[in-house]
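Structure assessment
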Amino acid sequence: MTRASPRVVLAAVLLAAGAASAHDADILYSQVRRTAPNAGGEPRASTGAGPEGSEVRQVLTLTAGTLGLLLPADADGDGTVSQADLDARRAALEVGVWDALPLTAGGRPCTRTSHAALLRQTYVELSATFTCPPGPLRQTYTVLSVLPAGYRVILGSSLDGEVTGSIFADAAQPSVDIPEASAGGEGGATVSGFAGWVLEGIRHIFTGYDHLAFLVAVLLVGGGWRRVLLLVSSFTIAHSITLGAVVLGWVSLDGDRARWVEATIAASIIYVALENLVLREHRHRALVTFLFGLVHGFGFASVLKNYGLGDSVAPALLGFNIGVELGQASVVAVLLPVLRMVRRRPALYLRTVRAVSVLILAAGGYWMFERALG
């Protein structure tokens, strides 16, 4: 039993790879703006308490690929989604999207008065206008029941154009309360403050199975504490560079580029796993880890950029990055002692490296196939 347990511990980290998406990049971003008429008939900011009700405008952004999972958006069948396709699918968008996003105020349904669809450079923008009765807003994202597991809605509520925070909905918790100007939603997980971004970074590293697979592959032949520290530091420095470059707007990462970044991350996992199986020495591993760390940083950035950061770019970037590092450090702290014990038995260590590397290779191949095909 003692001889088998290290392999069980290491393999357990990877077994979920085929059942979940490696990133939270499967995101729909929703922004809701509420106004109400004042006594003179001009729009004013609404607290939701007025007797005359209010107008609510919602903008939903998503990739064309995600829209294709909800309805046959490619009307002419040419393999791409155009503005003409969106215009032709107007009725389908109403049923397949907006009817699946019921909005209520004070427990009573809002009435949708109009909706539109625009094709942007890298995404599709869907918008709708509602007339809502008085009371707090609440929306149920039943579209999540149609999408694959792992999809989320990130809701940035705004009043007079100012983002009040980010709230998350997923298939397990599809209903969220939409906050007003200074309110926080109780229906979802709100990221607020520096500590919130740190926790979000930690959460992401533990649900980012591709990053975990890469890290485990590196640790398998990492050696002692000093060498592991060098490897982890090179990875950290590299992904911090590209994460910051994208979030600060120095590098653009559109939909197609993000997809190929994800495919390259999968390729990095395949490469490191193959090295573990083929090479006996890994003197260049620090350089390899740094180069692939740059790519993984783009992957982290594709997640963080979808949060609707507003004026909180600096604390979000720093907090999220620190959370990622804390998550990585905890993985290293747990696995490295186990690996050092296994290394004392060369035959067991060799079998462990081979078995786990094969699992990582299989996971990387699955992700590569899935992402390369879009």
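Fair warning: this is a prediction, and the values are worked out from it, not measured in the lab. (Residues numbered from 1 in each chain as written. Predicted model: local features only at pLDDT ≥ 70, side-chain atom pairs only at ≥ 80, totals over all residues. Heavy atoms only, no water.)

Regarding its fold elements, the protein chain presents 11 helices and 11 strands. Residues counted as buried form 48% of the 374 residues belonging to the protein chain. A sequence separation of at least 24 residues applies to 73% of the contacts in the protein chain between residues at least 6 apart. Total accessible area on the protein chain is roughly 17,100 Å²; 61% of this is exposed by carbon and sulfur atoms. (Helix = DSSP H or I, 4+ residues; strand = E, 2+ residues; numbered from the N terminus. Buried < 20%, exposed > 50% of the residue type's maximum accessible area, 1.4 Å probe, protein only. Contact = heavy atoms within 4.5 Å. Areas by Shrake-Rupley, 256 points an atom, 1.4 Å probe, with all protein chains shown as cover.)

With that out of the way, let us pick up helix α11 (residues 346-372). The first and last C-alpha atoms of α11 sit 38 Å apart over 27 residues, in line with the 39 Å expected at 1.5 Å per residue. Considered for burial, the residues of α11 that qualify are Leu348, Tyr349, Thr352, Val353, Val356, Ser357, Ile360, Ala363, Gly364, Trp367 and Arg371. (Expected span 1.5 Å × (residues − 1).)

This paragraph deals with the pattern of salt bridges. Under the counting rule described, the total for this entry stands at eight salt bridges. Residue Arg285 is joined to Glu275 by a salt bridge in which the shortest nitrogen-to-oxygen separation is 2.9 Å. Highlighted residues: Arg285 in helix α9 (residues 285-304) and Glu275 in helix α8 (residues 255-278), separated in sequence by 10 residues. We classify Arg285 as buried; its relative accessible area is 0%. Sharing partners across several salt bridges, the network here consists of Glu94, Asp99 and Arg112. (Salt bridge = Lys/Arg side-chain N within 4 Å of Asp/Glu carboxyl O.)

This part covers the UniProt feature "transmembrane region" (unreviewed entry) in the protein chain. If you check UniProt for "transmembrane region" (unreviewed entry), the listed places come out as residues 201-221, 228-251, 257-274, 286-304, 316-336 and 348-369 in our numbering. Across residues 201-221, helical content stands at 90% and strand content at 0%; the span's end C-alpha atoms are separated by 26 Å. Along residues 316-336 one finds 100% helix and 0% strand; the C-alpha atoms at either end are 30 Å apart. (UniProt positions renumbered as here; feature names shortened; annotations may be inferred.)

So, about α9. With 20 residues, α9 extends 28 Å from end C-alpha to end C-alpha; this agrees with the ideal 28 Å at 1.5 Å per step. Residue Leu294 marks the point of greatest curvature in α9, where the axis turns by about 25 degrees. Burial within α9 is extensive, with 15 of its 20 residues counted as buried. (Bend = angle between axes of the 7 residues up to and from the residue.)

Our focus in this paragraph is the environment of Ala217. Here Ala217 lies in helix α6 (residues 209-220). Sequence-wise, Ala217 and Val356 are 139 residues apart; in three dimensions their C-alpha atoms are separated by 8.0 Å. Here Ala217 is in contact with Val272, Asn276, Arg285 and Ile360, once residues within four sequence places are set aside.

With respect to topology, four strands assemble into an open sheet ordered β5-β4-β8-β11, the strand pairing being antiparallel. In this open sheet, the two edge strands, each paired with only one partner strand, are β5 (108-109) and β11 (175-178). The pairing of strand β4 (residues 103-105) with strand β8 (residues 137-140) spans three bridges and is antiparallel. Across the sheet, the residue bridging to Ala105 is Leu137, located in β8. (Pairing = 2+ DSSP bridges.)

Glancing now at the state of the cysteines. Counted under the stated rule, the structure contains one disulfide. One disulfide in the model links Cys110 with Cys132; its S-S distance is 2.1 Å. The chirality of the disulfide connecting Cys110 with Cys132 is right-handed, given an S-S dihedral of about 115 degrees. On the criterion of sequence distance, the pair formed by Cys110 in the loop between β5 and β6 (111-119) and Cys132 in strand β7 (residues 124-132) is long-range, its members being 22 residues apart. (Disulfide = S-S within 2.5 Å.)

On the surface, Leu274, Leu277, Val278, Leu279 and Val358 cluster together to form a nonpolar patch covering roughly 400 Å² of accessible area. In terms of residue count, α8 provides more of the nonpolar patch than any other element does, three residues in total. Assignment of secondary structure puts Val278 in helix α8. Val278 sits in the exposed class, given a relative accessible area of 62%. (Patch = residues over 30% accessible without salt bridge, like charges linked within 9 Å, V, L, I, M, F, W, Y side chains within 5 Å.)

Here we come to the pairing of β8. By the alternation rule, side chains of β8 split into Leu137 and Gln139, which are all buried, and Arg138 and Thr140, of which none is buried. Across four bridges, the pairing between β8 and β11 is antiparallel. Among the inter-strand pairings, Gln139 is bridged to a residue of β11, identified as Val176.

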